[in-house]
Amino acid sequence: ARVPFAYNYFLIVGSPDDPAGLAGMTPDEAAATLMNSGEAVFVSRGDDSGTHGKEKAIWSAAGYDYEDVRTSGDWYVEGGSGMGPTLVMADEMNAYTLSDMGTFIAYKSDLNLEPVVDQGDELLNVYSVLQVTSTRSPEMSANLVEFLTSETVQELIGNYGVNEYGIQLFTPCAGLDM
């Protein structure tokens, strides 16, 4: 059983001068613009993570096959690394990348990147726990679900980052149909 317990959003971030002019676009419009610009650089995690999966979904929504995108030229760079190193690479290359909001906020004071695309239902990033019942100890997975969806942990999730960054990094959502 998939049990959502928190969410935030993905962002397409880039340099403040926004060389491809993506600001205000939907994610699929931004992807099409990047694909057709031939000059603006995009750094992908390229690591089969959830963020990379979301990126592939955005390329697909824009009408592109991911294999065609990743082999279309030097403008597309696969970092093959976690979100933090990918953000640093995008910053160093004056490039765009897709990031979850929480990691971007945690890194943004060390980067010259800003959100350029931050609207669209396809940017929803839901965190879930998968409750496994076919193991020798199904009660252990039930305990994890109970813990993550408890009122105390939901409050901790909602307050996470507020003191340090001045903004809520995750929205608790236990009990919501996501």
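Each value, and the rule that gives it
- Residues numbered from 1 in each chain as written.
- Predicted model: local features only at pLDDT ≥ 70, side-chain atom pairs only at ≥ 80, totals over all residues.
- Heavy atoms only, no water.
- Helix = DSSP H or I, 4+ residues; strand = E, 2+ residues; numbered from the N terminus.
- Buried < 20%, exposed > 50% of the residue type's maximum accessible area, 1.4 Å probe, protein only.
- Contact = heavy atoms within 4.5 Å.
- Phe/Tyr/Trp six-rings, centres within 6.5 Å; stacked < 30°, edge-to-face > 60°.
- Core = buried A, V, L, I, M, F, W, Y, C linked by side-chain atoms within 4.5 Å.

Engineer: Describe the environment of Phe10, with residues and values.
Structural biologist: As for its position among the elements, Phe10 is in strand S1 (residues 2–14). Given a relative accessible area of 2%, Phe10 falls into the buried group. For Phe10, the residues in contact, after removing those within four places along its chain, are Gly50, Thr51, Lys54, Leu98, Ser99, Asp100, Leu123, Leu124 and Asn125.

Engineer: Run through the packing of aromatic side chains, naming residues and quoting values.
Structural biologist: By the definition in use, this model includes nine aromatic pairs. Taking the centre distance of 5.6 Å and the plane angle of 75 degrees together, the rings of Trp75 and Tyr76 count as edge-to-face. For the pair Trp75 and Tyr76, one class covers both residues: buried. With a centroid separation of 5.2 Å and 85 degrees between ring planes, the pair formed by Tyr127 and Phe170 is classed as edge-to-face. Of the two residues, Tyr127 sits in strand S6 (residues 124–130) while Phe170 sits in the loop between helix H8 (162–165) and strand S7 (171–172), which places them 43 residues apart along the sequence.

Engineer: An account of the nonpolar core is needed here, citing residue identities and associated values.
Structural biologist: Phe5, Val13, Leu87, Phe104, Leu113, Val129 and Ile157 are the most contacted members of the largest nonpolar core, which has 24 residues in total. Sorting the residues of this core by element identifies S1, helix H4 (83–92), helix H5 (101–107), helix H6 (138–148) and helix H7 (151–159) as the ones contributing at least two each. It is S1 that contributes the most residues to this core, five residues altogether. Not counting residues up to four positions away in its chain, the partners in contact with Phe5 are Tyr127, Ser128, Val129, Leu148, Thr149, Gln154, Ile157, Thr171, Pro172, Cys173 and Ala174. Formed by 21 residues, the second largest nonpolar core is a distinct cluster that contains Ile12, Ala30, Tyr66 and Tyr76.

All quantities given are derived from atomic positions and should not be read as evidence of function.
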